[in-house]
Amino acid sequence: TMSAVEARAQLIELPMSGAGDLTAHQIRVVQLALRDQQCYQGSINGRWNAATRSALQCAQQRTNATEPEALARALALWSADTMTSRDVAGDVAPA
């Protein structure tokens, strides 16, 4: 069965410009994912700065994701109510 966290998990909505509605915590999660793609070398500071925006473009090219949702899925950017986890699976296997 699905856990409560998995039931509430949603993709982090990546903004097209600016930081959108992302919290500093969510931006840190995005920065970590971008570092995993070898696109971001900056500090994990929760700031939506030029380095983060540039890294996002790098990740789009590496993953061939043209839409923000596709990129969020490619980077496994899942957010739950009280925690953000890149480990929550996108698909839940039947019990």
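Residues numbered from 1 in each chain as written. Predicted model: local features only at pLDDT ≥ 70, side-chain atom pairs only at ≥ 80, totals over all residues. Heavy atoms only, no water.

Peer 1: Lay out the overall build of the protein chain in plain terms, naming residues and giving numbers.
Peer 2: Helices and strands together make up the secondary structure of the protein chain, namely four helices and three strands. For the protein chain, the succession of helices and strands along the chain, N to C, is α-β-α-α-α-β-β. Counting every position in the protein chain, which comprises 95 residues, the buried fraction comes to 34%. A fraction of 51% describes how many contacts in the protein chain between residues 6 or more apart in sequence connect residues 24 or more apart. Accessible area for the protein chain stands at about 5900 Å²; split by element, carbon and sulfur atoms hold 46% of it. (Helix = DSSP H or I, 4+ residues; strand = E, 2+ residues; numbered from the N terminus. Buried < 20%, exposed > 50% of the residue type's maximum accessible area, 1.4 Å probe, protein only. Contact = heavy atoms within 4.5 Å. Areas by Shrake-Rupley, 256 points an atom, 1.4 Å probe, with all protein chains shown as cover.)

Peer 1: Now, about helix α3 (residues 50-63): what can you tell me, with residues and values included?
Peer 2: For α3, spanning 14 residues, the distance from its first C-alpha to its last is 20 Å, which sits close to the expected 20 Å at 1.5 Å a residue. Of the residues making up α3, those classed as buried are Thr52, Ala55, Leu56 and Ala59. Viewed end-on, α3 has its buried residues packed into an arc of 110 degrees, placing them on one side of the element. Counted as exposed and oriented over 90 degrees from the buried face of α3: Ala50, Gln57 and Gln61. For α3, the elements touching its buried residues are α2 (24-36) and α4 (68-74). (Expected span 1.5 Å × (residues − 1). Arc of directions from axis to C-beta.)

Peer 1: Break down the nonpolar core for me, citing the residues and quoting the values.
Peer 2: Of all hydrophobic cores here, the largest spans 21 residues; its most connected members are Leu14, Leu34, Leu71, Leu75 and Leu77. Of all the secondary structure elements, the ones that give two or more residues to this core are α2, α3 and α4. At five residues, α2 tops the list of elements feeding residues into this core. (Core = buried A, V, L, I, M, F, W, Y, C linked by side-chain atoms within 4.5 Å.)

Peer 1: Quick rundown of the state of the cysteines? Include the residues and the values.
Peer 2: Following the criterion strictly, the structure yields one disulfide and no others. With its sulfur 2.1 Å from that of its partner, Cys39 forms a disulfide with Cys58. In this structure, the disulfide formed by Cys39 and Cys58 twists by about -65 degrees around the S-S bond and is classed as left-handed. With Cys39 in the loop between α2 and α3 and Cys58 in helix α3, this residue pair connects regions lying 19 residues apart in the sequence. The class of Cys39 is buried, set by a relative accessible area of 10%. (Disulfide = S-S within 2.5 Å.)

In short, shape yes, function no, at least from these values alone.
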